Amino acid sequence: MNMPGIEQIIALYASYAACLDEQRFNDWPDFFTSDCVYRVIPRENHDAGLPLATISLSGVGGLRDRVYGVTSTLFHAPYYQRHIISLPCVKGADGEALLVETNYLVLRTKRDQLSEVFNTGRYIDRIVMTDAGLKFAQKLCVFDSELIPNSLIYPI
Amino acid sequence: MTTAQTDDFATVWSGSGSSRIPAPVYTDPAIYARELDRIFYGPHWNYVGLEIEVPEPGCFKRTSIGERSVIVIRNRAGQINVLENRCAHRAMQFCQEKSGKVKTLVCPYHQWNYNHDGNLLGVPFQRGVKGQGGMPDDFRLEDHALNRLNVAVRNGVIFGSFSHAVEPFEDYLGPAVLACFDRTFDGRALVLHGYSRQRIPGNWKLMMENIKDPYHPGLLHTWFVTFGLWRADNKSQLIMDDHGRHACMISKRSETIDPAVTEGVTSFRRNMTLNDTSLLDIVQEPWWNGPTVCMTTIFPNVILQQQVNSLSTRQIIPVGPGAFDFVWTHFGFAEDTPEMTARRIHQANLFGPGGLVSADDGEVIEFSQDGFEQDQAFSAQCELGGRDVADSDHMVTETLIRGMYRYWREVMAI
Ligand SMILES: [Fe+2]
């Protein structure tokens, strides 16, 4: 494999954030490989080796179900998200995959409300090069936030 | 938001019965203060955790009963203690870690040192330094133990009470609710799967109401309606203890659909299919003895969940009249196969703060609270299935909520 350069990796995160912040949720699964793993995990579970995740999806089909769930079935107050993602830290490679970690901060703005820190943590990712460009084979969103402010609806 | 504070509890709830609930019951700081006193710190059992969270002597976890911080710790003899997290010296909440393992409990401020039973082992400079200072002659270590709560442990589940006059746990639950408790917790070894924590900006009782309300799941929750996990045509049973304070909603998933219960229900999606069908890879377990769901509310602070293969305890920690922390502890059994463990964890996608079912419960509670706060003269209507309190063999009733408020009015003298 041709290892991607840091600019390509930065561009991947930038377009990932833009996709979510522009609420193009139907495009979100396209950032992942067909057999991907996507998990949003409280840090305390991750650190203690406990398997429970707040959201745990496998395969791009699972991601599509989640998108359908949040856009068509869940009742919730609407809100904007704003992702601030740090520069990627390439930790190494595992076969075809690059191991990349980035810090993230998600701000939430509900209608008529002040903006607030919604969720913060780090992405622990496996990135692979495919014919369709760079994709996440794994994205673990391990969040520091001790309490979720009520509910976590949209992907982060 | 400013809310009037009552100085006359007698006039808060003028009507009789428990089917019209006045807004101040959810918003008034004086009522909330009385709730802490009479309910959370009174003669009631409060859930504090599972024994597997403190597996060995010296292992502890920190949690709260009402707004008081407590430590659940196992002593050298293997017994569970619940100690108030407050140094007997200067009130320091000395324990700041959420869990861990210690030889003794030491308050870092002046190094007062307690054993796992909360007994004070020693204090620095008790007899002074070079004949100067020190504690008075009548200072006795045994007068300065940590506040040690009453504890009940049943089949791996731990409850604490600030009251030493509270009835035994089994009597507190009553035979019908105890049978539901023992259905899940029958003494099998448990395995901890992990936690989810959320802060819900609503009064704590709204969460108890939510799990005593079999009316909403078949309406609000698309996933329940569509996949038959909770629907008005499901065979079901609603039971309470004699006081009406605890309840169980027991039901069995329908494979077929009665058109009368989906007619006009906008959340029902006839053609909804999943890409990842493993989410609903439900496997019947022998201990269910039929029902696919059993939701138990133990007053005042815990909900025990069996929803198909997903198991959790959901602990309520009130933080003022208008908010509570909701702690989900998911677990399985030591006897589970790896496939069953994976299934339980996968089905957890339906529950918790991001759950495809539960996330909207938090949202509706928030907006109910907002509605109560905007007008103190309002009363909630709770009259589905009548105005009385009685067990039921169907779901079209709010009787369990009326049961809780009937008891609440007695305890609160409101
Ligand atoms: Fe619900």
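Because the structure is predicted, anything quoted here is derived from the model rather than measured.

## Description of the sheet that holds strand β15 (residues 293–298) of chain B
Phase 1 of the analysis: Strand order in the open sheet formed by 8 strands is β8(A)-β12(B)-β18(B)-β17(B)-β16(B)-β15(B)-β14(B)-β13(B), and the pairing between neighbours is mixed. Taken across any chain shown, the strands that pair with only one partner, and hence form the sheet edges, are β8 (148–149) of chain A together with β13 (236–240) of chain B.
Phase 2 of the analysis: Pairing between strand β16 (residues 302–307) of chain B and strand β17 (residues 310–318) of chain B: 6 bridges, direction antiparallel. Bridging from a neighbouring strand, B:Gln307 pairs with B:Ser310 of β17(B).
Phase 3 of the analysis: Of the strands in this sheet, β13 and β14 (247–251) of chain B are in contact with helix α10 (residues 399–412) of chain B, which crosses β13(B) at around 5°.

## A short note on the interface of chain B and chain A
By a widespread convention, an interface's size corresponds to the accessible area lost as its parts come together.
Phase 1 of the analysis: Contacts between the two partners involve 37 residues from chain B and, on the opposite side, 33 residues from chain A.
Phase 2 of the analysis: Roughly 3,000 Å² of surface becomes buried between chain B and chain A when both sides are summed, with 52% attributable to carbon and sulfur atoms.
Phase 3 of the analysis: Across the pair B:Arg197 and A:Glu44 runs a salt bridge, and its minimum N-O distance is 2.5 Å.
Phase 4 of the analysis: Among the secondary structure elements, those contributing two or more residues to the side of chain B that touches chain A are β12 (190–200), α6 (222–226), β18 (324–333), α8 (338–347) and α9 (359–373) of chain B.
Phase 5 of the analysis: Element by element, the count of residues in the side of chain B that touches chain A is highest for β12(B), at 9 residues.
Phase 6 of the analysis: Residue composition of the side of chain B that touches chain A, grouped by class: 15 nonpolar, 13 polar and 9 charged.
Phase 7 of the analysis: Taken together, the 2 bridges between β8(A) and β12(B) define a ladder with parallel strand orientation. Residue pairing in the sheet places A:Pro149 in a bridge with B:Arg199 of β12(B).

## Considering the packing of aromatic side chains
Phase 1 of the analysis: What the rule picks out here adds up to 40 aromatic pairs over all chains.
Phase 2 of the analysis: Arranged with centres 5.4 Å apart and planes meeting at 80°, the rings of A:Tyr16 and A:Phe136 form a pair that is edge-to-face. Taken together, the residues A:Tyr16 in helix α1 (residues 6–21) and A:Phe136 in strand β7 (residues 133–143) connect sequence positions 120 residues apart.
Phase 3 of the analysis: The exposure class assigned to A:Phe136 is buried, which follows from its relative accessible area of 0%.
Phase 4 of the analysis: Through pairs of rings, three or more aromatic residues link up here, namely A:Tyr13, A:Tyr16, A:Trp28, A:Phe31, A:Phe32, A:Tyr38, A:Tyr104, A:Tyr123 and A:Phe136.
Phase 5 of the analysis: Above the face of the B:Phe9 ring, B:Arg34 is positioned so that its terminal group lies 3.6 Å from the ring centre.

## Concerning unusual backbone geometry
All names here are of chain B.
Phase 1 of the analysis: A cis amide bond, omega 5°, links Phe299 with the succeeding residue Pro300.
Phase 2 of the analysis: Examined against the element boundaries, Pro300 turns out to sit in the loop between β15 and β16.
Phase 3 of the analysis: Its identity as a non-glycine residue notwithstanding, Asn155 has a phi of 50°, on the positive side.
Phase 4 of the analysis: Looking at the secondary structure, you find Asn155 in the loop between β10 (150–154) and β11 (157–161).
Phase 5 of the analysis: Looking at Asn155, the relative accessible area reads 29%, which means it is partly exposed.
Phase 6 of the analysis: Located in the positive-phi region is Asn289, a residue other than glycine, with phi close to 50°.
Phase 7 of the analysis: Residue placement: Asn289 occurs in the loop between α7 (259–262) and β15.

## Brief notes about empty space enclosed by the protein
All names here are of chain B.
Phase 1 of the analysis: The full count for this structure, using the stated rule, is 5 cavities of 30 Å³ or more.
Phase 2 of the analysis: Of the volumes computed, that of the largest cavity is approximately 130 Å³.
Phase 3 of the analysis: Lining of the largest cavity is provided by 15 residues; of these, Ile211, Phe224, Met295, Arg314 and Asp361 occupy positions nearest its centre.
Phase 4 of the analysis: Split into classes, the residues belonging to the lining of the largest cavity amount to 8 nonpolar, 5 polar and 2 charged.

What counts and how
- Residues numbered from 1 in each chain as written.
- Chains lettered and ligands numbered in written order.
- Predicted model: local features only at pLDDT ≥ 70, side-chain atom pairs only at ≥ 80, totals over all residues.
- Heavy atoms only, no water.
- Pairing = 2+ DSSP bridges.
- Helix = DSSP H or I, 4+ residues; strand = E, 2+ residues; numbered from the N terminus.
- Contact = heavy atoms within 4.5 Å.
- Axes fitted to C-alpha atoms, helices over the stretch in contact; angles between N-to-C directions.
- Buried area = accessible area lost by both parts, 1.4 Å probe.
- Salt bridge = Lys/Arg side-chain N within 4 Å of Asp/Glu carboxyl O.
- Nonpolar A, V, L, I, M, F, W, Y, C, P; charged D, E, K, R; others polar.
- Phe/Tyr/Trp six-rings, centres within 6.5 Å; stacked < 30°, edge-to-face > 60°.
- Buried < 20%, exposed > 50% of the residue type's maximum accessible area, 1.4 Å probe, protein only.
- Lys NZ or Arg CZ within 6 Å of the ring centre and 35° of its normal.
- 1 Å grid on protein atoms, 1.4 Å probe; cavity = no way out; pocket = protein on both sides within 12 Å on 5 of 7 lines; lining within 4 Å.
- Points joined across faces, edges and corners; volume = space filled by probe spheres on them.

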